[in-house]
Protein chains: 2
Amino acid sequence: MNASFAARLDEYRSRLQQNLDRWLPPASHYPARLHEAMRYACEGGKRLRPLLVYAAGEVLQLPPRKLDAAACAVELIHVYSLVHDDLPAMDDDDLRRGRPTTHKAYDEATAILVGDGLQTLAFQLLAADRDSGLTAAQRLAMVEILAEAAGSRGMVGGQAVDLAAEGQSLTLAELEALHIHKTGAMILACLRLACATDDTLSAESRAALAHYGKCIGLAFQIQDDVLDIEGNAASLGKTAGKDEAHLKSTYPSVMGLPAAKARAAELFADAAASLALFNDAAEPLLWLARHIEARQS
Amino acid sequence: MNASFAARLDEYRSRLQQNLDRWLPPASHYPARLHEAMRYACEGGKRLRPLLVYAAGEVLQLPPRKLDAAACAVELIHVYSLVHDDLPAMDDDDLRRGRPTTHKAYDEATAILVGDGLQTLAFQLLAADRDSGLTAAQRLAMVEILAEAAGSRGMVGGQAVDLAAEGQSLTLAELEALHIHKTGAMILACLRLACATDDTLSAESRAALAHYGKCIGLAFQIQDDVLDIEGNAASLGKTAGKDEAHLKSTYPSVMGLPAAKARAAELFADAAASLALFNDAAEPLLWLARHIEARQS
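How each quantity is defined
Residues numbered from 1 in each chain as written. Chains lettered and ligands numbered in written order. Predicted model: local features only at pLDDT ≥ 70, side-chain atom pairs only at ≥ 80, totals over all residues. Heavy atoms only, no water. UniProt positions renumbered as here; feature names shortened; annotations may be inferred. Least-squares fit on C-alpha atoms with pLDDT ≥ 70 in both. Contact = heavy atoms within 4.5 Å. Axes fitted to C-alpha atoms, helices over the stretch in contact; angles between N-to-C directions. Helix = DSSP H or I, 4+ residues; strand = E, 2+ residues; numbered from the N terminus. Parallel < 35°, antiparallel > 145°, perpendicular 65-115°, else oblique. Left-handed = near helix turned anticlockwise from the far one by under 90°. Nonpolar A, V, L, I, M, F, W, Y, C, P; charged D, E, K, R; others polar. Salt bridge = Lys/Arg side-chain N within 4 Å of Asp/Glu carboxyl O.

In the nomenclature of an unreviewed UniProt entry, chain A is known as Farnesyl diphosphate synthase of Solimonas aquatica. Taken verbatim from the UniProt record of chain A, the Sequence similarities (unreviewed entry) comment is "Belongs to the FPP/GGPP synthase family."

Chemist: Now, about the relation of the copies chain A and chain B: what can you tell me, with residues and values included?
Modeler: Take chain A, turn it by 180°, move it 0.0 Å along the axis, and it overlays chain B with an RMSD of 0.0 Å. Viewed as a symmetry operation, the transformation between the two copies matches a two-fold axis. Comparing interface residues between copies, 100% of those in chain A also lie at the interface in chain B; the contact surface is shared.

Chemist: Quick rundown of the packing of helix α9 (residues 172-196) of chain A against helix α10 (residues 203-230) of chain A? Include the residues and the values.
Modeler: Residue and element names in this part refer to chain A. One way to put it is that α9 packs onto α10 with a least axis distance of 8 Å and a crossing angle of 140°. Judged on the interaxial angle alone, α10 and α9 are oblique. Note on packing geometry: the crossing formed by α9 with α10 is right-handed. Along the contact surface, α9 presents Glu176, His179, Ile180, Thr183, Gly184, Ile187, Leu188, Leu191, Cys195 and Ala196, while α10 presents Arg206, Leu209, Ala210, Tyr212, Gly213, Lys214, Ile216, Gly217, Leu218, Phe220, Gln221 and Asp225. Across the contact of α9 with α10, the residue classes tally to 12 nonpolar, six polar and four charged.

Chemist: Now, about the pattern of salt bridges: what can you tell me, with residues and values included?
Modeler: Side chains that carry opposite charge are capable of pairing whenever their charged atoms lie near each other. Residue and element names in this part refer to chain A. Tallied over the entire structure, the rule returns 38 salt bridges over all chains. Of the charged contacts, one joins Glu58 and Arg8 as a salt bridge, the two residues approaching to 2.6 Å between their closest N and O atoms. Of this pair, Glu58 sits in helix α3 (residues 48-59) while Arg8 sits in the segment before α1 (9-23); the two residues are 50 residues apart in sequence, bridging distant segments of the chain.

Put into structure tokens, the structure is as follows:
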């Protein structure tokens with residue numbers, strides 16, 4: 001692996017797409033409308049979480065085949081959470097990834113079921129991924145890691161706190177707890193899933209990758225808040241300025257915009273520093289951290 | 001095991017309750033309102049699916065400890081599906097198990113997240129159930145069985161077809177396909193999960209239990225349709241006559257009430273007949289079939 005991870009982005013994205021195509025039921029499969037909507041919801045997006053899984057796999061010098069199910073599963077959980085978060089009873093968003101949200105393109109009931117079915121599929125494919133060269137114990141560990149991160153003590157819990165926090169003024173600690181659950185848990189899971197495919201990994205390496213994941217997860221969310229202020233709908237592919245309209249506490253609202261930006265930069269630097277023990281092999285995750293830091297959407 | 005399975009119902013129900021209490025996050029755990037609502041949603045109910053798991057375990061002479069996670073997981077999936085099905089965008093029900101539905105007792109967003117979190121927890125506990133004496137391969141097989149039954153090719157798919165069928169006139173074959181997905185898949189999964197805990201089980205025994213599960217699943221649904229006509233809200237714990245009000249095709253509407261009752265009776269008899277190879281050991285599942293056949297709610 002001499003070329004930068006950047007040179008392999010398209011390859012990994014198309015690898016993910018092939019796996020999504022393989023695992024998602026055909027759009028013609030009974031019930032066709034539901035399966036068509038599940039595929040619709042999975043189109044587009046930055047595929048950041050699967051890329052994190054594959055980049056961690058490169059750092060650990062694992063064959064990508066061992067990462068395919070994890071990459072697919074984290075994307076399915078992410079997409080399901082977007083479909084449900086966009087519902088009228090939740091964030092009530094009409095636009096996602098530059099297109100109508102699933103409940104707009106189909107209907108609310110279908111969107112609820114799309115999210116439900118995508119979540120189930122994430123666990124199903126981890127369990128059914130027999131050709132991966134992973135042991136049953138490794139795949140079972142992956143089910144547990146994914147469930148911990150996605151559930152009520154992770155992502156779903158974070159979304160509940162986020163909704164309850166609308167119109168409330170949060171402290172920095174409360175805001176951080178919210179985002180560690182809502183966004184951070186699943187980003188950390190990307191790293192933990194890659195680690196779960198390698199039984200020989202040292203505790204030190206595991207801890208380093210987990211620290212990287214925690215820093216990136218929080219930095220990503222701070223950046224999201226900053227982009228919501230500085231970005232526009234065209235580059236975001238979703239409505240900008242929503243946080244202020246919804247009276248949400250954000251990093252800029254709690255600490256001020258310049259301090260929020262400084263905190264994000266600090267976290268990105270911390271993430272990079274935690275990878276020192278991997279020496280040159282760290283490049284894929286270092287590149288991804290810089291790539292995320294530079295994003296405009 | 002000399003006494004009838006009936007004598008052990010309460011024991012199994014309290015065993016399930018203890019396991020739910022153990023696996024559900026405490027109601028005080030962050031985020032407290034979500035976890036309180038998850039526990040609220042899990043209260044009450046007939047616990048039919050867990051009882052099927054335990055009864056199958058008795059027939060196979062397995063220690064109940066090996067069935068605990070499966071019993072808990074099927075109940076969590078069942079409860080999550082009820083919480084989502086009751087939402088205004090779905091069946092729009094105010095009453096469930098004789099109490100306000102979760103979105104009525106809390107709010108819609110919370111109910112969506114309660115369902116999401118309960119689904120995740122079902123997979124999490126199967127993966128995390130280390131004291132069960134089950135191998136990793138067995139627990140992984142259980143994740144796969146549960147996901148197949150719960151997902152878009154099973155229960156979630158059936159719910160999508162059910163919603164799309166409102167106001168439509170279905171053929172008997174269409175109605176049967178709907179219910180094999182919506183209700184049948186998860187009832188069959190109860191039997192398949194019990195089988196997954198015993199690697200020594202013959203293909204013949206597996207097939208017999210699966211056949212029992214399929215018959216019971218369909219019979220149960222036909223009975224549901226019949227009870228919707230003949231029952232009342234007090235004994236049902238939910239609104240009666242909803243099928244007709246929603247212009248839903250039901251077994252009575254498609255085949256007439258007497259023929260629907262006869263078909264259910266036939267299926268219950270078929271379920272019982274499939275257990276002949278277990279001889280006297282079949283009693284728990286035979287008793288449960290009769291118990292279901294006699295239910296008034």
